[in-house]
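A structural walkthrough
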Amino acid sequence: MLIYQSLDEFGQRCEVRRAGQSLRLYTDGTFHSQFNPARLIENNLWDLLWLPALLPAVPPRRVLVLGVGGGAVMRKLQKILPKALLVGVDISAEHLRIARKVFGVKGRNVLLLEADALAFVRHYRGPAFDLIIDDLFATNGGEPQRVVAMDSSWLGALSPLLSARGQLTVNFAACAQYRQALPVVTGQGSFSALNAWQHRRFENTIGSFTRQLRPASTRLLLDSLTERLKALAAGPVPCEITLSAGSV
């Protein structure tokens, strides 16, 4: 059911539709975000962007989300990291308006900024972040595509913004993109643990690269994740989600 529609500043049609209790954002027909306020784990792609934040022993206190969309990931982060400062950057003022007014991204610990994320990263000079989520996608021919490749230049821009124990989580459109980025990440990122997350219904691979996290087997990571989800009164990791653990 259509509950909201508008044109953004780029002439793209934004629609929010309700399916049961879920809210879904579409931009020019491209599926951007989904959020169900009644469920922590929704068994979809967006789960893979916030689940890695549960792995470090010390929860992130400062979080940067590049590419807010409707704000589904930020709403989940508010639930699992209630004491963290959450900063979201998006180039679309309309997406941020939808995030606030429709998806409910608001609170004293939330800051939403309308800005070009690439310029923001290159000019930022403030305190470092314990978690950076790179979900920078744009629609091209009806298909979502990454705005910037995870190459040495982009990683070099992101690295100074990441704290000594920080985690960088990146949404890759396909596993091939993730594999192409690995030599860059292992060569210049100062990361100790590299984990790949996938969902059977989606082509994307989510890479989570963490500093000062002791490498562990996939089984140990999943067991740790399950315990933390239990503490949040959430269900187990769905079987459609797979995690591959690695180290540098």
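Here is a short report on the structure shown in this document. Counting restarts for each chain: residues are numbered from 1 in the order of the written sequence. In keeping with the predicted nature of the model, local features appear solely for residues at pLDDT of at least 70, side-chain atom pairs appear and are counted solely at 80 or more, and the whole-chain, interface and lining totals rest on all residues. As a rule here, side-chain values come from all non-hydrogen atoms in the structure, and water together with hydrogens is ignored.

It is worth spelling out the pairing of strand E3 (residues 22-27) at this point. Here E3 lies mainly inside the structure; five of its six residues are buried. In sequence, strand E2 (residues 13-19) turns back onto E3 through a hairpin of two residues, with Gly20 there showing a positive phi of about 65°. Strand direction decides the pairing type here: E3 and strand E4 (residues 30-35), joined by five bridges, are antiparallel. By the bridge assignment for E4, Thr27 is matched with Thr30. Connecting E3 to the antiparallel partner E4 that follows it, the hairpin turn spans two residues, and Asp28 within it adopts a positive phi of roughly 50°. When a residue's accessible area, from a 1.4 Å probe over protein chains only, is under 20% of the maximum for its type it is buried; when over 50% it is exposed; and in between it is partly exposed. Under the DSSP-based scheme used, a helix requires at least four consecutive residues in state H or I and a strand at least two consecutive residues in state E, with every element numbered from the N terminus. Pairing between two strands requires that DSSP report at least two bridges joining them.

Next up on the list: helix H3 (residues 93-101). Within the sequence span of H3, burial applies to Ala93, Glu94, His95, Leu96, Ile98 and Ala99. In what follows, a contact means two residues having at least one pair of non-hydrogen atoms within 4.5 Å. Where H3 is buried, its residues touch strand E1 (2-7), E2, E3, E4, strand E6 (85-90) and strand E7 (110-114).

Attention now goes to the nonpolar core. Nonpolar core, defined: a set of buried Ala, Val, Leu, Ile, Met, Phe, Trp, Tyr and Cys residues in which side-chain atoms within 4.5 Å join the residues together. In this structure, Trp50, Leu77, Trp197 and Leu229 are the most contacted members of the largest nonpolar core, which totals 46 residues. In terms of residue count, the dominant contributor to this core is helix H2 (residues 72-80) (five residues). If we skip the residues at most four places from it in the chain, Trp50 touches Leu40, Ile41, Lys76, Leu77, Ile80 and Leu229. Counting 30 residues, the second largest nonpolar core, distinct from the first, contains Tyr124, Phe129, Leu162 and Tyr178.

This brings us to the environment of Ser153. With respect to the secondary-structure elements, Ser153 resides in helix H5 (residues 152-158). The spatial distance from the C-alpha of Ser153 to the C-alpha of Val184 is 9.6 Å, given a sequence separation of 31 residues.

On to the side chain of Arg146, then. Among the secondary structure elements, Arg146 is positioned in strand E10 (residues 143-146). Any N or O atom pair separated by 3.5 Å or less is treated as a polar contact, with the protein-specific requirement of one donor-capable and one acceptor-capable atom, and with residues adjacent in sequence counted only for side-chain atom pairs. One polar contact links the side chain of Arg146 to the main-chain carbonyl oxygen of Val148, over a distance of 2.9 Å. At 2.9 Å, the side chain of Arg146 forms a polar contact with the backbone oxygen of Asn171. Arg146 has contacts with Asp134, Leu136, Phe137, Trp154, Val170, Asn171, Phe172 and Gln177, leaving out every residue within four places of it along the chain.

All right, on to the pattern of salt bridges then. Pairing is possible between side chains that carry opposite charge, provided their charged atoms lie close to one another. Salt bridge, as used here, is a side-chain nitrogen of Lys or Arg placed within 4 Å of a carboxyl oxygen of Asp or Glu. This structure, assessed with the given rule, holds eight salt bridges. Residues Glu42 and Lys76 are paired through a salt bridge, measuring 2.7 Å at the closest nitrogen-oxygen approach. With Glu42 in the loop between E4 and helix H1 (47-50) and Lys76 in helix H2, the pair connects residues that are 34 residues apart, well separated along the chain. Summarising the burial analysis for this pair, Glu42 and Lys76 share the class buried. Across the salt bridge formed by Lys230 and Glu227, the nearest N and O atoms sit 3.8 Å from each other.

This part covers the packing of aromatic side chains. Whether two aromatic rings pair depends on their centres lying within 6.5 Å, for rings of Phe, Tyr and Trp, where Trp uses its six-membered ring; planes under 30 degrees apart make the pair stacked, over 60 edge-to-face, and the rest tilted. One pass over the full model with this rule turns up eight aromatic pairs. Consider the rings of Tyr124 and Phe129, whose centres lie 5.3 Å apart with planes at 40°: the pair is tilted. Given the relative accessible area of 17%, Tyr124 is considered buried. On the accessibility criterion, Phe129 (1% relative accessible area) is buried. Among the aromatic side chains, those forming a connected cluster through ring pairs are Tyr26, Phe31, Trp46 and Phe202. We call a charge positioned above a ring when the Lys NZ or Arg CZ atom is no farther than 6 Å from the ring centre and deviates by at most 35 degrees from the ring normal. Lying across the ring of Phe172, Arg146 places its NZ or CZ 5.8 Å from the centre.

The next point concerns the sheet that holds E3. The four strands lie next to each other as E1-E2-E3-E4, forming an open sheet whose pairing is antiparallel. Each of the sheet's edge strands pairs with one partner strand only, and the pair in question is E1 and E4. Across the sheet, the axes of successive neighbouring strands diverge by a mean angle of 15°, strand direction being ignored. Structural elements are reduced to axes, namely lines fitted to C-alpha atoms, with helices fitted over the stretch in contact, and the angle between N-to-C directions of any two is expressed from 0 to 180 degrees.

This brings us to unusual backbone geometry. The residue Asp28 is not glycine, and still its phi comes out positive at about 50°. Its identity as a non-glycine residue notwithstanding, Ala233 has a phi of 60°, on the positive side. Tracing the chain through its elements places Ala233 in the loop between helix H7 (218-231) and strand E14 (241-247). For Ala233, a relative accessible area of 73% puts it in the exposed group.

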